[in-house]
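Survey of secondary and tertiary structure
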Amino acid sequence: MERTLSIIKPDGVAKNVIGEVIKRFEADGIQIAAMKMIQLTKTQAKGFYAVHKDRPFFDSLTDFMTSGPIVVMVLEGKNVIAKNRKLMGATNFEDAEDGTIRKDYATNIEKNVVHGSDAPETAAFEIGYFFNALEIQEK
Ligand code: CMP
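Definitions and limits used
Residues numbered from 1 in each chain as written. Predicted model: local features only at pLDDT ≥ 70, side-chain atom pairs only at ≥ 80, totals over all residues. Heavy atoms only, no water. Pairing = 2+ DSSP bridges. Helix = DSSP H or I, 4+ residues; strand = E, 2+ residues; numbered from the N terminus. Axes fitted to C-alpha atoms, helices over the stretch in contact; angles between N-to-C directions. Salt bridge = Lys/Arg side-chain N within 4 Å of Asp/Glu carboxyl O. Buried < 20%, exposed > 50% of the residue type's maximum accessible area, 1.4 Å probe, protein only. Core = buried A, V, L, I, M, F, W, Y, C linked by side-chain atoms within 4.5 Å. Contact = heavy atoms within 4.5 Å. Near = heavy atom within 4 Å. Polar contact = N/O pair within 3.5 Å; in protein donor to acceptor, adjacent residues only side chain to side chain. Areas by Shrake-Rupley, 256 points an atom, 1.4 Å probe, with all protein chains shown as cover.

What follows covers the sheet that holds strand β2 (residues 31–38). Pairing is antiparallel across the open sheet formed by 4 strands, whose spatial order is β2-β3-β1-β4. On the outer flanks of this sheet lie β2 and β4 (114–116), each paired with one strand and no other. Adjacent strand axes in the sheet meet at a mean angle of 20°, parallel and antiparallel pairs treated alike. Where strand β1 (residues 2–8) lies against β4, 3 bridges are found, and the strand directions are antiparallel. Within β4, the position partnered with S6 by the bridge is G116.

Dropping the structure here:
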């Protein structure tokens, strides 16, 4: 059993596809162990994306991530990190496979609807950034 952090970004919330995204997770056998809707401050967005702090898109990305509410979830299941990344599709939606969330709903490389942890270490950091142990359902 594995856990990962999923975010439905401000563009996904604004496009009214929260249910559509969650439907795809559930249809793939992924379970939701925690979920909430919040709006990040600039400082919180910068902390979450600190690994990208030297990238040219950092300021724009953190502005975008604070531009409206987001839905953060802890997803649980066998190989859920890889499973979620397959459902999301490539970061750049133009490279994403047909039928993926980003291919279907992304606007550009930044407004790409969803975020998902890319490895167990980042999942642990990212889950801990948004949720404490009491907020995550134990099986
Ligand atoms: P995400 O998977 O959340 O990880 C970093 C985010 O930065 C990415 O999705 C995009 O929203 C955003 N981004 C903007 N420009 C780029 C870029 N050139 N390369 C990668 N990510 C980018």
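The full count for this structure, using the stated rule, is 11 salt bridges. Two residues, E20 and K23, come together in a salt bridge whose shortest N-O distance is 3.5 Å. One end of the pair is E20 and the other is K23, both in helix α2 (residues 18–27) and 3 residues apart, which spans about a single turn. Residue E20 is classed as partly exposed on the basis of its relative accessible area of 24%. Among the salt bridges present, the one from K42 reaches D63, with a minimum N-O distance of 2.8 Å. Taken as a pair, K42 in helix α3 (residues 42–48) and D63 in helix α4 (residues 58–65) lie far apart in primary sequence, 21 residues in all. Assessed through its relative accessible area of 40%, D63 is described here as partly exposed. What you see here is one network of salt bridges that share partners, running through R3, E76, E138 and K139.

To continue, consider the nonpolar core. Among the nonpolar cores identified, the biggest contains 19 residues, and L5, I7, M65, V74, F130, F131 and I136 are the most heavily contacted of them. Residue assignment for this core shows that the elements contributing at least two residues are β1, β2, α3, α4, β3 (70–77) and α7 (120–130). It is α4 that contributes the most residues to this core, 4 residues altogether. When residues no more than four places from it in sequence are discounted, the contact partners of L5 are F48, M73, N84, H115, G116, S117, E126, I127, F130 and F131.

The immediate surroundings of the ligand are formed by K9, Y49, H52, F57, L61, T91, R102, I109, E110, N112 and H115. A distance of 2.5 Å separates an oxygen atom of the ligand from a polar side-chain atom of Y49. Note that an oxygen atom of the ligand is positioned 2.8 Å from one of the backbone N or O atoms of E110. Coverage of the ligand by the protein chains reaches 80% of its 450 Å² of free accessible surface.

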